[in-house]
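# Chains, contacts and geometry: an overview
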Amino acid sequence: MFKFASFHTRCFPILSESRLIRVVSCGLRHRRVAEIHSHSADQCNRGDDLPIGVESMTDPTKVQRATALWKKEELMGRINALLKCNPEDSERVYLVNKKTLKTVPPKHITNNIQLLLDQGITESSILNHPKILSISQDELKKKLDCLVKFKDLQDINHVVPFLNISLDVLEKVVEKSQNEMIEHGNRIYYLNAQTGVDVETISRYFATSIRVYKIALEKFKLNLAYCLKHLEPSDIVRHLSVLAYASSSIVERLQMLKNSPLQKIKPWMVRVPNLALEKSFEKVIEKGADPTFKDPLTEVWFENHVLKRLECLLDCSEKEAKSCYDACKGAVSLLENVEQLLERQIKKETILQNPAVLVAKKQELATKVNKLAELVGLRDMNDLIPLCTLKPYQVIKIVNSMNNESFPNNSNRIYYFADKARLQPAEIARQFARRTFMFRIPKESFIENLDHFVDNMDSEDVLADLWAFKYSPAVVAERIARAKRVRGKKVMPWMVRCPDTVLEKSLQLTKENGELLGENETIVEYFGKRLGFNRDITNSIFLKTPSVRNVRVTKVKKVIDYLLEELDYTPHDIAINPRILMHSLHTIKKRMEQLRQIGCRPRSLIIVCRSQRQYDLFVKEWEDAKERRNRALAAGGS
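- Per an unreviewed UniProt entry, the protein chain is named Mitochondrial transcription termination factor, and its organism is Aedes albopictus.
- Heading Sequence similarities (unreviewed entry) of the UniProt record for the protein chain holds this comment: "Belongs to the mTERF family."

Quick look at the structure:
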């Protein structure tokens, strides 16, 4: 009935010899006891693995947990014998009925399955509504007998969701269906014909909105007809309770929604207070202040109104408009600023790439754009729009400062940097807006340092780390020369601004790595050569643990030397657990020495890679197991 061997390692440590008889009374066979002791003895005889012994246990909740596992195994076996379902469906049936299994045996669930199958309920219907299996068998029989009386019922599977409602309510629903004269037989089939939604879905929503059956038939049909003119059929089915409102209220509300800025109307909007529908977004925008919303509907209206206007103004997708709106946090000046920039011939792409400039008030943005237009050497206003994220006084000060200095070809700092580094001026302006000190660096230092960086470094690296420009050209030239002697072409801006000790250490490690790897060898190739694996095997090892690529090769060498030469592990042991190369050699030595002192030489290096808590737990379990084994040997000798 159970596959004990597959889960005994989880359950057995919580069972004691004094409790085994009690567990047997819950369903475990007597013969399992002998198997447990036999397996425990086998574990004790293994030299490297932790033996699992019999421990004392006084917590009754652990026995309940183990019992729950046995009930689950029994239920899974019974379900698989009755239903052709996959493991995921079986697991879902168990989880839904898990609470019921605390008071009833698994046989109760499967008896209900058999009863449903005998009544013509299909396997798919049972799996779609597993909660009905928790109903008592007598009540389930009465509900099934009641359901078959549903007027003009074509298939009992169509009304399976109704089994979840109470018996007295079900009887009233069936009785009402028998007394009604409606096209297609009953309200479920009528709604199916009017909306085109499948019967099973309609039945499911009907079962959760039973009060819809209390509506007078004429009112039900009238409200449904009017809602279908304004709402999506599938939305109506999901919100059937809307049909219970007074017809006049529905007509009035839907008419108001039709005239609102909303592009799509949902049934739940019929149910919100009138106050939420009386606000005008145009009035909110004209106030020039950030809108505050007291209800979700008004906020949805405002957002939809702005998004649709954005899509029209920028001729962009809904996703792009939403991204721009979110970046501006719904600022009321958003639309006016977009219109203003478009009038200035600013491109759609520029606006979408710099949504932060739209947060400013309309007059402030106009002041910044007008001032940028006065910049000497301006080629295209789209290049300078990123500077509009700054305050107006900052933009004025920057433009005045750049206009007072001269660059070759009637240029300025932004265009000079872009031409030298061969990057887009808009990218330069965006980074300069984040690092405004670039406008305050003396012109001579700016030009000289830029020459040093562009000639010896990658342009994108330079732009990403502008702090190096704050150092004098002499320091920059000296640091670059020192780094190039060791690193060759791979020089980074941080080497200019880091402390001298940090640079020296970095260059020393680079030198040692180069001596180990050679000119063109990588750490992956070194790993494979050192352990004797071909390229394919080495690549597959590093795919499992890609972070090892970032470890210094000198550290990798020391760890491999220690494991192979001092501890006599094999290359295969390291290949199985390459994570060990990421750990400190000091920590590895400390743990290995501690394991040696307690008489443990782990077959797998994985325990050395675990967290401190997991490692300490392993050591404690090993020592406890060793002590139990010694007591057992002593008892056997006596």
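## A short note on the overall build of the protein chain
- Scanning the protein chain from N- to C-terminus turns up 35 helices and zero strands.
- Residues classed as buried in the protein chain amount to 46% of the 638 residues present.
- Accessible surface, the protein chain: about 34,300 Å² in total, of which carbon and sulfur atoms supply 50%.

## Things to note about the packing of helix α20 (residues 362-372) against helix α21 (residues 392-403)
- α21 packs onto α20 with a crossing angle of 5° between their chain directions and a minimal axis gap of 9 Å. Compared by their axis directions, α20 and α21 come out roughly parallel. Listed contacts from α21 to E364, K368, K371 and L372 of α20 are P392, V395, I396, V399 and N400.
- Among the residues forming the contact of α20 with α21, the class breakdown is five nonpolar, one polar and three charged.

## Remarks on the nonpolar core
- Ranked by internal contacts, the top residues of the largest apolar core, which has 66 residues, are F417, F446 and F469.
- Not counting residues within four places of it along the chain, the set of residues in contact with F417 comprises I428, F432, M438, F446, L450, V462, L463, L466 and F469.
- Ranked by size, the runner-up nonpolar core spans 60 residues in total, among them L75, L163, I215 and I265.

## Overview of the environment of Y416
- Looking at the secondary structure, you find Y416 in helix α22 (residues 413-421).
- Y416 gets classed as buried once you look at its relative accessible area, which sits at 13%.
- As for Y416 and I447, which are separated by 31 residues in sequence, their C-alpha atoms are 8.8 Å apart.
- Apart from residues lying up to four places away in sequence, Y416 is in contact with F407, P408, S411, F446, I447, L450 and D451.

## Observations concerning unusual backbone geometry
- Notably, D152 is not glycine yet its phi reads approximately 55°, a positive angle.
- Residue position: D152 is located in the loop between α8 (137-147) and α9 (167-179).
- Given a relative accessible area of 47%, D152 falls into the partly exposed group.

## Observations concerning the packing of aromatic side chains
- Enumeration over the complete set of coordinates arrives at twelve aromatic pairs.
- Taking 6.2 Å as the distance between ring centres and 90° as the angle between the ring planes, the aromatic pair formed by F407 and F446 counts as edge-to-face. With F407 in the loop between α21 and α22 and F446 in helix α24 (residues 443-456), this pair connects stretches of sequence that are 39 residues apart.
- On the basis of relative accessible area, F407 is assigned to the buried category, the value being 7%.
- Looking at F446, the relative accessible area reads 0%, which means it is buried.
- Among the aromatic residues, those joined into a ring-pair cluster are F407, Y416, F417, F432, F439, F446, F453 and F469.
- Between K470 and the ring centre of F437, over which it is positioned, the NZ or CZ distance is 5.1 Å.

## As for a positive patch on the surface
- There is a patch of like positive charges on the surface, built from K98, K99, K102 and K131.
- Tracing the sequence through the fold places K131 in the loop between α7 (123-128) and α8.
- Using a relative accessible area of 45% as the deciding quantity, one classes K131 as partly exposed.

## Some details on the side chain of N354
- Here N354 shows up in the loop between α19 (348-353) and α20.
- Among the polar contacts listed, one links the side chain of N354 to the backbone oxygen of T350, at a separation of 2.9 Å.
- Within the structure, N354 has its side chain in polar contact with the side chain of R430 (distance 3.1 Å).
- Residues in contact with N354, not counting those within four places in the same chain, are I385, P386 and R430.

## Focus on the pattern of salt bridges
- Overall, the coordinates contain 17 salt bridges when judged by the stated rule.
- Among the ionic pairs, K620 bridges to D624, the shortest N-O distance being 3.1 Å. On the criterion of helical spacing, the pair formed by K620 and D624 is a turn pair, its members being four residues apart in helix α35 (residues 612-637).
- Judged by relative accessible area, which is 28%, D624 ranks as partly exposed.

## Focus on helix α18 (residues 334-343)
- Three or more residues of α18 are buried, namely L334, L335, N337, V338, Q340 and L341.
- Positive phi appears at Q345, one or two residues downstream of α18, with a value of about 65°.

## Description of the environment of P130
- Following the sequence through the fold, P130 ends up in the loop between α7 and α8.
- A residue is classified by how much of its surface remains accessible, and P130, at 7% relative accessible area, is buried.
- For the pair P130 and L95, spaced 35 residues apart in sequence, the C-alpha separation works out to 9.4 Å.
- Contacts of P130, omitting those with residues within four sequence positions, involve R92, V93, V96 and N97.

## Quick look at the packing of α8 against α9
- Put simply, α8 and α9 touch, their axes get as near as 10 Å, and they point 10° apart. Classified by the angle between their axes, α8 and α9 sit roughly parallel to one another. Facing α8, whose interface residues are E139, K142, K143, C146 and L147, α9 presents L167, L170, E171 and V174.
- Of the residues contributing to the contact of α8 with α9, the split by class is five nonpolar, no polar and four charged.

## Here we look at the environment of I414
- If you trace the backbone, I414 turns up in helix α22.
- Along the primary structure I414 and I428 are separated by 14 residues, whereas in three dimensions their C-alpha atoms are 6.2 Å apart.
- In this view, I414 contacts L384, L387, M402, P425, I428, A429, F432 and F439; residues no more than four positions away in its chain are not counted.

## Observations concerning the confidence of the model for the protein chain
- Averaged over every residue, the pLDDT of the protein chain is 77; the share at 70 or more is 78%.
- Below pLDDT 50 for its whole length, residues 1-58 participates in 71 contacts with residues either more than four positions away or in separate chains.
- Every residue in residues 275-289 scores below 50 in pLDDT, and together they form 28 contacts with partners more than four places removed in sequence or on other chains.

## Some remarks on the state of the cysteines
- Across all of its chains, the model carries zero disulfides by this definition.
- With no disulfide partner, C316 has as its closest neighbouring cysteine sulfur the one in C324, 7.6 Å distant.

Quick notes on the rules
- Residues numbered from 1 in each chain as written.
- Predicted model: local features only at pLDDT ≥ 70, side-chain atom pairs only at ≥ 80, totals over all residues.
- Heavy atoms only, no water.
- UniProt positions renumbered as here; feature names shortened; annotations may be inferred.
- Helix = DSSP H or I, 4+ residues; strand = E, 2+ residues; numbered from the N terminus.
- Buried < 20%, exposed > 50% of the residue type's maximum accessible area, 1.4 Å probe, protein only.
- Areas by Shrake-Rupley, 256 points an atom, 1.4 Å probe, with all protein chains shown as cover.
- Axes fitted to C-alpha atoms, helices over the stretch in contact; angles between N-to-C directions.
- Parallel < 35°, antiparallel > 145°, perpendicular 65-115°, else oblique.
- Contact = heavy atoms within 4.5 Å.
- Nonpolar A, V, L, I, M, F, W, Y, C, P; charged D, E, K, R; others polar.
- Core = buried A, V, L, I, M, F, W, Y, C linked by side-chain atoms within 4.5 Å.
- Phe/Tyr/Trp six-rings, centres within 6.5 Å; stacked < 30°, edge-to-face > 60°.
- Lys NZ or Arg CZ within 6 Å of the ring centre and 35° of its normal.
- Patch = residues over 30% accessible without salt bridge, like charges linked within 9 Å, V, L, I, M, F, W, Y side chains within 5 Å.
- Salt bridge = Lys/Arg side-chain N within 4 Å of Asp/Glu carboxyl O.
- Lys, Arg positive; Asp, Glu negative; His and termini not counted.
- Charge placed at Lys NZ, Arg CZ, Asp CG, Glu CD.
- Polar contact = N/O pair within 3.5 Å; in protein donor to acceptor, adjacent residues only side chain to side chain.
- pLDDT = per-residue confidence, 0-100.
- Disulfide = S-S within 2.5 Å.

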